[in-house]
Amino acid sequence: MQEYIKINQADNVAVALRDFNKGEIVSLDNEITLSDDIARGHKFALKDIKADEPVIKYGFPIGYAKEDIKTGSHIHVHNLRTGLGDDLTYNYNKSNPVNIPCNLDEEKKYFMGYERKDGKAGVRNELWVIPTVGCVNSIAKEIAAKCQDLVSDNIEAVVSFAHPYGCSQMGDDQENTRAALAGLINHPNAGGVLVLGLGCENSNIEVLKPYIGEFDPKRVRFLQCQDVDDEVSEGVKLLTELSEEASKIKRSKISVEKLVIGMKCGGSDGLSGITANPVVGKLSDIVTSAKGSTILTEVPEMFGAETILMDRCVNKEVFDKTVNLINSFKDYFRRHNQTIYENPSPGNKKGGISSLEDKALGCTQKSGSSEVMDVLEYAQVVKKAGLNLLSAPGNDLVASTALAISGAQIVLFTTGRGTPFASAVPTVKIASNSQLAKKKSNWIDFDAGRLLEDNMNLDILGNELYDYVLDVASGKKVKSEEDGFRDLAIFKQGVTL
């Protein structure tokens, strides 16, 4: 196994791949005696760096030295500051397009999924109970609990989704809730949906219907609790009727062109941008080369690496939308009088990430190398095949929910620290290091740490992840599904009445 890595030839730091003690000698361009203890995932200087000089990682500045840093010294938040400011001027400098050939064997261009009447495809055939307002969360949960006997070979789960919204909201908040709920109701992983309302909420069923648009009454039913004597028994009846129709649908061979994969990282460490995120980036390139779609989100964690994405935009229109994506999120922070670059998190820092640039350059590795085809507003559904950018925050639950709402049938979630949560759709946990994969095998689905542990080739591991994703799309349950975990978090931006 490698013990340290210099990611790019231009870098003036290296990353430790194991814990090092002060005084140990490493050999890269020359022999370096470490002047500090260096934890795994943390950085050390390969040369003397003077105060205010850039610290280079991934071939780009991740900040500036707060003081003179000697060769072999630990580089982290104590001696590194961000170089980011509030406002930037962007220019469209389109890079040469990377045309990635689709080299997949014919059988790997398909998965076994559920063809829907609207032309979309699901990777699950489940019954969902979706409340329009938080007041009926417990009723939704009880209805789902009483209908577990509907689970069969062809109905894979009966799930209710709790959330605290749907009333006492204003402006964009209320719009977000309505659009998010509509996105879930229309999601192809649900073979049947019971929309459960109260009756007096702002986002009641009749208000919500225009956001849902055309729907199949054999797939979507509505129940307003204030209108019936026994809402639980009525809900059970409706869900049972939905199951009769949904159970008729069988898995069939579907082109990867209908696959939409969401990409997210959380609890990152210093290895996330070296192992797990590049492996997901490789998968993204494979999927988009086969005319499928991928979605990259968590906009605040693009700050510092956004120009890399901008230069890969397919045209000026998409570039302009990307600029607006970044600037709109900065404005969101300003409106709430918050520091734009108050990032990374304590867990990130413990894992070796020192600045937002450091985090962003690692985060955007998930985008691979293909062109950016479109930029989506929050809750907007994917329309263009290829790599898409989505407006959503970095919060794990909110961002993963946003990916599902925008049409992702599966979310790939890379992590260096580990987390048990799940989104509304199968959420594949990908470990950045093998120690985490072994320690939390009840959480982790895929070990990307093997890229370093076993000196595996990135192409091989990316293709292995692709094969795993096809298996998940064809019915293989991920760890969080086996545990019955489901989470929903709608993006809240404003006032609660």
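Residues numbered from 1 in each chain as written. Predicted model: local features only at pLDDT ≥ 70, side-chain atom pairs only at ≥ 80, totals over all residues. Heavy atoms only, no water.

A few words on the overall build of the chain. Helix and strand content of the chain: 14 helices and 23 strands. For the chain, the C-alpha radius of gyration of 23 Å lies close to 23 Å, the compact-globule estimate for 497 residues. Each principal axis of the C-alpha atoms in the chain carries an extent, and together these give about 75 × 50 × 40 Å. Out of the 497 residues in the chain, the part that is buried amounts to 56%. Restricting the contact set of the chain to residue pairs at least 6 apart, pairs at least 24 apart contribute 71%. For the chain, the accessible surface area stands at approximately 19,800 Å², while carbon and sulfur atoms represent 47% of it. (Helix = DSSP H or I, 4+ residues; strand = E, 2+ residues; numbered from the N terminus. Rg over C-alpha atoms; globule rule 2.2 N^0.38 Å. Buried < 20%, exposed > 50% of the residue type's maximum accessible area, 1.4 Å probe, protein only. Contact = heavy atoms within 4.5 Å. Areas by Shrake-Rupley, 256 points an atom, 1.4 Å probe, with all protein chains shown as cover.)

Grouped together as the largest cluster of nonpolar side chains are 94 residues, with contacts concentrated most on F303, I410, L412, I430 and L465. Those residues in contact with I410 that sit more than four places away from it in its chain are V123, V260, I261, G262, V425, P426, V428, V469, V472 and A473. Of all hydrophobic cores here, the second largest spans 22 residues; its members include I143, C147, I155 and L194. (Core = buried A, V, L, I, M, F, W, Y, C linked by side-chain atoms within 4.5 Å.)

Once that is clear, we can look at the pairing of strand β19 (residues 372–376). Of all 5 residues that make up β19, 4 are buried, and the element is covered over most of its length. When β19 meets strand β20 (residues 386–390), the two strands line up parallel, connected through 4 bridges. Looking at the pairing, D374 lines up with N388 of β20. (Pairing = 2+ DSSP bridges.)

What follows deals with the sheet that holds strand β10 (residues 110–115). Spatially, 3 strands are ordered β11-β10-β16 in an open sheet, and the strand pairing comes out antiparallel. Of all strands in the sheet, those with a lone pairing partner are β11 (121–122) and β16 (252–255), marking the two edges. The pairing of β10 with β16 spans 4 bridges and is classified as antiparallel. Its bridge partner being in β16, G113 is matched across the sheet by S252.

The next point concerns the packing of aromatic side chains. Going through the model one piece at a time under the given rule, you end up with 14 aromatic pairs. Between Y4 and F44, the ring centres sit 6.5 Å apart and the planes meet at 80 degrees, which makes this aromatic pair edge-to-face. Of the two residues, Y4 is situated in strand β1 (residues 4–5) and F44 in strand β5 (residues 43–45); the sequence distance between them amounts to 40 residues. Per residue, the accessibility class of Y4 equals that of F44, and both read buried. Both rings, one in F413 and one in F421, keep their centres 4.9 Å apart while their planes meet at 75 degrees; by these two values the pair is edge-to-face. A relative accessible area of 0% means that F413 is categorised as buried. An aromatic cluster of three or more residues is present, and its members are F303, F329, Y332, F333, Y378 and F491. Positioned above the aromatic ring of F222 is the side chain of K209, whose terminal nitrogen or guanidinium carbon lies 4.7 Å from the ring centre. Here the guanidinium or amino end of K330 rests over the ring plane of F303, the centre of that ring lying 5.5 Å away. (Phe/Tyr/Trp six-rings, centres within 6.5 Å; stacked < 30°, edge-to-face > 60°. Lys NZ or Arg CZ within 6 Å of the ring centre and 35° of its normal.)

A word on empty space enclosed by the protein. Inspection of every chain in the model, using the stated rule, returns 3 cavities of 30 Å³ or more. Taken as a whole, the largest cavity spans an internal volume of roughly 70 Å³. If you go around the largest cavity, you meet 14 residues; those closest to its centre are G273, I353, K359, G362 and C363. With 4 residues, the single largest contributor to the lining of the largest cavity is helix α9 (residues 356–363). In terms of residue class, the lining of the largest cavity is built from 4 nonpolar, 6 polar and 4 charged. (1 Å grid on protein atoms, 1.4 Å probe; cavity = no way out; pocket = protein on both sides within 12 Å on 5 of 7 lines; lining within 4 Å. Points joined across faces, edges and corners; volume = space filled by probe spheres on them. Nonpolar A, V, L, I, M, F, W, Y, C, P; charged D, E, K, R; others polar.)

For the rest of this paragraph, the subject is the packing of helix α5 (residues 276–289) against helix α13 (residues 458–473). Between α5 and α13, the least distance of the axes is 8 Å, while the angle of their chain directions is 65 degrees. Here α5 lies roughly perpendicular to α13, going by the angle between them. Judged by the twist between their axes, the crossing of α5 over α13 is right-handed. From α5, P278, V279, V280, K282, L283, I286 and V287 reach across to α13, where they touch L458, D459, L461, G462, N463, L465, Y466 and V469. (Axes fitted to C-alpha atoms, helices over the stretch in contact; angles between N-to-C directions. Parallel < 35°, antiparallel > 145°, perpendicular 65-115°, else oblique. Left-handed = near helix turned anticlockwise from the far one by under 90°.)

A word on the pairing of strand β22 (residues 427–431). Across the 5 residues that make up β22, a large majority, 5, are buried. Judged by which residues are buried, β22 turns out to be covered on both faces: T427, K429 and A431 on one side and V428 and I430 on the other are all buried. In the sheet, strand β21 (residues 410–415) pairs with β22 via 5 bridges, with the strands oriented parallel. Bridge pairing links V411 to T427 in β22. Bridge analysis of β22 against strand β23 (residues 446–447) gives 2 bridges, and the strand direction is parallel. Among the inter-strand pairings, A431 is bridged to a residue of β23, identified as D447. Where the polypeptide runs from β22 across helix α11 (residues 434–439) and back to β23, its parallel neighbour, the crossover connection is right-handed. (Right-handed = clockwise from strand over helix to strand, strands pointing away.)

Turning to the environment of E53, a few remarks are in order. Residue placement: E53 occurs in the loop between β5 and β6 (54–57). In this structure, the C-alpha to C-alpha distance between E53 and V472, residues 419 residues apart in sequence, is 47 Å. In contact with E53, not counting residues within four places along its chain, are D48, G63, Y64 and A65.

Below, the discussion takes up helix α2 (residues 171–185). Residues three or four positions apart in an α-helix share a direction because the helix packs 3.6 residues into each turn. Spanning 15 residues, α2 covers 22 Å between terminal C-alpha atoms, matching the ideal 21 Å at 1.5 Å per step. Among the 15 residues in α2, 11 count as buried, and that is most of the element. All of the buried residues along α2 are D173, Q174, N176, T177, R178, A180, L181, A182, G183, L184 and I185. On its buried face, α2 is in contact with β12 (126–131), β14 (190–197), α3 (205–212), β15 (220–224) and α10 (396–405). (Expected span 1.5 Å × (residues − 1).)

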